[in-house]
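Secondary and tertiary structure notes
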Amino acid sequence: MSILANKDTRVVIQGGAAGVNAARRMAEFCYLIKKPLNVEAFVYPPDAGKSNEIPYGSGLIAIPVYKTIAEATKHHPQINTSLVYIGADRAMKGGMEALDDAHIKVVSMITEGVPEKDAKLLGAHARKLGKVFNGPSSIGIISAGACRLGVIGGAFDNLVLSKLYREGSFGVITKSGGLSNEIIWICSQFADGITTAIGIGGDAYPGTDYVSYLEMFERDPQTKAVVIVGEMGGDLEERAAEWYGAKKRRIKLIAVVSGFCQESLPKGMKFGHAGAKEGMKGEGSARSKSDALKKAGALVPATFGALGPAIKETYQELLKSGQVKEVIEPATLPKLPKSVEEAMKADEVMVAPLIRTTISDDRGDEPCYDGYPASELINKGYEIPHVIGLLWDKRLISKQEAEIVKRIMMLSADHGPCVSGAYATILAACAGIGLSQSVAAGMIMIGPRFGGAVTDAGRYFKHAVDNKMSVDEFLAYMKKNVGPVPGIGHRVKSLRNPDKRVKELVGYVKSLNIKTPCLDFALEVEKVTSAKKDNLILNVDGTMAAVLVDIGFPIDSLNGFFILSRTIGLIGHWVDQKRQDSRLIRLFDYLVNYAAPKRREVPPLK
Amino acid sequence: MAKVLEGPGMGLMKKWGIHVPNYAVVTSAEELAKLGQANDWFKQSKLVAKAHEALGSRFKLGLVKIDLDLKGAEAAAKDMIGRQVGSITVSQVIVSEMIPHKEEYYCAVKSTREGSEILVANCGGIEVESNWERVKRLTLEIGQAPTGEDLEKLVKEAGFTGALVKKMAEFAGKMFTCFDNEDAQYLEVNPVVLRESDGELVALDAVTLLDGDAKFRHPDWNFPFAAEFGRAYTKHELEVMAVDSKIKGSVKFIEIPGGDTAMLPAGGGASVYYSDAVVARGGKLANYAEYSGDPPDWAVEVLTEKVCSLPGIKNIIVGGAIANFTDVKKTFGGIINGFRKAKSDGKLKGVKIWVRRGGPREKEGLDAMRALKDEGFDIHVFDRNTPLTDIVDKAVQSKG
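This structure is a prediction, so every number in the text was calculated from the model and none was measured.

How each quantity is defined
- Residues numbered from 1 in each chain as written.
- Chains lettered and ligands numbered in written order.
- Predicted model: local features only at pLDDT ≥ 70, side-chain atom pairs only at ≥ 80, totals over all residues.
- Heavy atoms only, no water.
- Helix = DSSP H or I, 4+ residues; strand = E, 2+ residues; numbered from the N terminus.
- Rg over C-alpha atoms; globule rule 2.2 N^0.38 Å.
- Buried < 20%, exposed > 50% of the residue type's maximum accessible area, 1.4 Å probe, protein only.
- Core = buried A, V, L, I, M, F, W, Y, C linked by side-chain atoms within 4.5 Å.
- Contact = heavy atoms within 4.5 Å.
- Pairing = 2+ DSSP bridges.
- Axes fitted to C-alpha atoms, helices over the stretch in contact; angles between N-to-C directions.
- Phe/Tyr/Trp six-rings, centres within 6.5 Å; stacked < 30°, edge-to-face > 60°.
- Lys NZ or Arg CZ within 6 Å of the ring centre and 35° of its normal.
- pLDDT = per-residue confidence, 0-100.
- Salt bridge = Lys/Arg side-chain N within 4 Å of Asp/Glu carboxyl O.
- Buried area = accessible area lost by both parts, 1.4 Å probe.
- Polar contact = N/O pair within 3.5 Å; in protein donor to acceptor, adjacent residues only side chain to side chain.
- Nonpolar A, V, L, I, M, F, W, Y, C, P; charged D, E, K, R; others polar.

Once that is clear, we can look at the overall build of chain A. When you go through chain A residue by residue, the secondary structure sums to 23 helices and 16 strands. Relative to its length of 606 residues, chain A is extended, with a C-alpha radius of gyration of 40 Å against a globular reference of 25 Å. Expressed along its principal axes, the backbone C-alpha trace of chain A runs to roughly 120 × 70 × 55 Å. Taken over 606 residues, chain A has a buried fraction of 50%.

In structure tokens, the structure reads:
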């Protein structure tokens, strides 16, 4: 048997994340005792209509979230208990809503910091309705082998260690959530464990008192003794003593009260004026409470440390008198399945990773690029080209190489609004499309006819240099196997109208004391091709390609330089259009040659 | 509970129609002089000046001066402001008019388990404390307000007669209204006096304890709460409170000068048992502390640093029950960082550390504590199989 929470308890949890966490803990307990999850619904208006996934064993259970208690109990008429995890400022309203629902008999409030007046109103309302309002600031209620409400009992290992999978003979009532597990543990080590443990909450005036629970325990034949963990202040312990002493009780009572230290604290360290003044008769002190309990016949150990032996003594007496029998523990208990992370930590499973990376790692406090922390790179004067070097080529490029990369980026950041990429971005911007989609529209223009020649130009120039081809051999090879030479030729620029960007880049690279075999070869090729036709000059793509191959970037990364730098321009064009609130573009008829057939009659359908 | 100083306390009473003397809270003699020019009552009546701080026995300390004129009040303010009393500096003085009176009474409203109680006595001042049986009570259920008849019956019981019955009943009714509307936990006026000039009942002082948890529905509570134990908070205490207000979970810290056993336990309930055990074994507490509700490790680290900074400590008790959901490894991580910092600052020389704890990741946490031995800490680590407060016995018994 148990009190308050038993195998028939069905729960609605009022609240968000904290409530979901409690449901998870409750599911762990249900799994341990091989019972279905006892949480039927959540009430949390912001998430109404959704469901919360609660792990149970190795599976997941979806628990619906409702807007109101009435909706929850309408769909789940078996609900008889509510756990309140709502914030302190709304807790009273939530508690009242639950108390007023005919289905609900027990409301346990976990919320801390609820105003005293609100807690008293809830307590009074519950008494009027003949229901139980437990808390606020309750850690929960647990009945061994039957039901867990809230996180009381702690982690799964502790549930097992404290033998909460099966019933014992001791009831527990505590004000302190932190001590509830300790007492449950002691009961399982020095005796046969607990029936029900209740956290009544540490507030000055909790919704219930020890007496109401003592009466329930007295009526529960399985409970043979009750352990009370009290505190200074208030008079709940004195009332419990009065109840216990009033007549012969079936249950044995064991109690400890904290707060003796108050007697030796410096004068004036007493908390609160009311207590001090009213305390002239000694009420509310740990000593008065202890004395009252002793006088009523309870076993009151001198210290908390002596509680274990006191429980043991009581248990031995119960054994001797035949009121309890030695417990035989079950041979096996369910084990909570480990998560993959936990199992890996314990070296119990090996997982084949889904993907592999060799360039970056952000699992620490900041991302590392090829092993170098980003902030350290900044603080030591490295710049964006070095980050490109690390992420694209896994090497820390030199200052000189970084300068070349920087110049390439600057020279290719934007080529005006008319080129395919920028035009596509502008078109998208004018159609009201967002930044990333518009930039992507521009980006997908990059191909063999627009900026996408960098990689191919690099590939073939390198092929020629590696195979020590002459320019003639190279051109013959290209003609036979590829077609026009990538990186050669421009739509508007020519020998007579040279491309300043190419001149600038070539001039700079040649001014450095470095070997540039690809660039040299490309320039030789240009001499031959431009002699044939004056716009067959080395273009920006070809120049970038040759230079980047010369400083060692991998062929496959080369188009990336164009994509990256041109993105700067594409973003600029989108922002520019946005800023101008550009109108929607429709192509003018006169820009289209309508070469389609003239209007004609549609033949009848055959 | 949250104690409120006299000034804001009287302000709340005034808000609900209780007569209070004219008063002003000032931070300098100059401010008082200016107010004195602008408000006639400073010149028309005798004045009382009191240090407006959470200090016990202000009379003995010379921090209450009576029967003053404005000049005298200015001099008293000048004398009091800036005075150092223990850890606190007097920064405010409350100056109020003296109310000529012959009769003194008592009225209070206090929170009880079922609701509240109105207390009335037809004696006041120190007389009421020695004649506590003369205090009569009216018990009220939560949600219930006293009727005029209830109140008149109460004050008659307390010995009021004649015209005073109605007046005192009204006064007590207003006290209850103030108590109820302001989420108070305790309101006391001692003495309530009969003003000779107009025969009105006036609250001569105010002890006000409000429910700090209800602050969210009182936007006009724009005053700070004062420490509840007869002294102001220390710098370290205020720093820990500042951390406490920022985090999920909680950290608490109260200094007790002269002790040698420092407390760093977990959980509100267990912490008191640990303190009890220290006292029961004849040890001397250096502080009260606790952390609970799975606070972040940095907050526990701050708390640890404060504990390690306590002067003259010989033992540190890192006690705790079996946690429900506080991550032992993580919170111990904060404590370990705090210990390391303290040690590198030259603290913890000759200090023994005693650890007992259980809960989520207890093994990892306790192992990490044990490893501190290798770093030269004098640390003794126990697990859930050692009864809760046994480390206190070991600590208090240990020598050298």
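On we go from here.
Once that is clear, we can look at the nonpolar core. Phe170 and Leu214 of chain A are the most contacted members of the largest nonpolar core, which totals 105 residues. Filtering out sequence-adjacent residues up to four positions away, Leu214 of chain A remains in contact with Ile173, Val226, Ile228, Ala240, Trp243, Ile251 and Leu253 of chain A.

Turning to its location among the elements, Ala531 of chain A is positioned in helix α21 (residues 517-532). Taking C-alpha positions, Ala531 of chain A is 14 Å from His490 of chain A, a pair spaced 41 residues apart along the chain.

Within a sheet, each strand pairs with its neighbour through backbone hydrogen bonds, oriented either parallel or antiparallel. Residue and element names in this part refer to chain B. The antiparallel open sheet is built from 4 strands, whose spatial order is β2-β7-β3-β4. The two strands at the open ends of the sheet, each matched to only one other strand, are β2 (23-26) and β4 (64-68). Strand-to-strand twist of the sheet, defined as the mean angle between neighbouring strand axes without regard to direction, takes the value 15°. Pairing analysis gives 3 bridges linking strand β3 (residues 47-51) to β4, with the strands arranged antiparallel. Bridging from a neighbouring strand, Ala49 pairs with Lys65 of β4. Sitting on the sheet, helix α1 (residues 6-15) touches β2, β3 and β7 (93-97), and the angle it makes with β2 is about 145°. Running over the sheet, helix α4 (residues 70-80) touches β3, β4 and β7 and is turned about 165° from β4.

Turning next to the packing of aromatic side chains. Geometry of an aromatic ring pair is reported as the spacing of the ring centres plus the angle between the planes. Residue and element names in this part refer to chain A. Tallied over the full model, the rule gives 17 aromatic pairs over all chains. Above the ring of Tyr205, the side-chain terminus of Lys120 is found at 4.8 Å from the ring centroid. The side chain of Arg407 reaches across the aromatic face of Tyr508, ending 3.7 Å from its centre.

A separate point is the confidence of the model for chain A. For chain A, per-residue confidence averages 93 on the pLDDT scale, and 97% of positions sit at 70 or higher. Every residue in residues 270-281 of chain A scores below 50 in pLDDT, and together they form 26 contacts with partners more than four places removed in sequence or on other chains.

The next subject is the pattern of salt bridges. Per the stated rule, a full pass over the model turns up 59 salt bridges over all chains. We note a salt bridge from Lys50 of chain A to Asp47 of chain A, for which the minimum N-O separation is 3.8 Å. Classification of Lys50 of chain A as exposed rests on a relative accessible area of 51%. One salt bridge connects Lys15 of chain B with Asp220 of chain B, and the closest N-O pair in it is separated by 2.7 Å. Placement of the pair is Lys15 of chain B in helix α1 and Asp220 of chain B in the loop between β13 (207-210) and α8 (235-244), with a sequence separation of 205 residues. Looking at Lys15 of chain B, the relative accessible area reads 43%, which means it is partly exposed. Shared partners join several salt bridges into a network, and the residues in it are Lys175, Glu237, Glu238 and Lys289 of chain A.

Frequently, the measure chosen for interface size is the accessible area that the parts lose on association. Counting from both sides, the interface comprises 63 residues of chain A and, opposite them, 53 residues of chain B. The contact between chain A and chain B buries some 4,700 Å² in all, and 58% of this surface belongs to carbon and sulfur atoms. Here Glu182 of chain A ties to Arg356 of chain B by a salt bridge, and the two come within 2.6 Å at their closest N and O atoms. Taken together, the links from chain A to chain B amount to 28 residue pairs in polar contact (both at pLDDT 80 or more). Contributions of two or more residues to the side of chain A that touches chain B are made by α3 (88-99), α4 (116-129), α5 (156-161), α6 (177-190), β12 (225-231), α8 (236-246), β13 (252-258) and α9 (273-278) of chain A. Split by residue class, the side of chain A that touches chain B holds 28 nonpolar, 21 polar and 14 charged.

So, about the confidence of the model for chain B. Mean pLDDT over chain B works out to 92, with 98% of the residues at or above the 70 mark. Interface confidence in the predicted complex, given as ipTM, is 0.90; pTM for the same model is 0.83.

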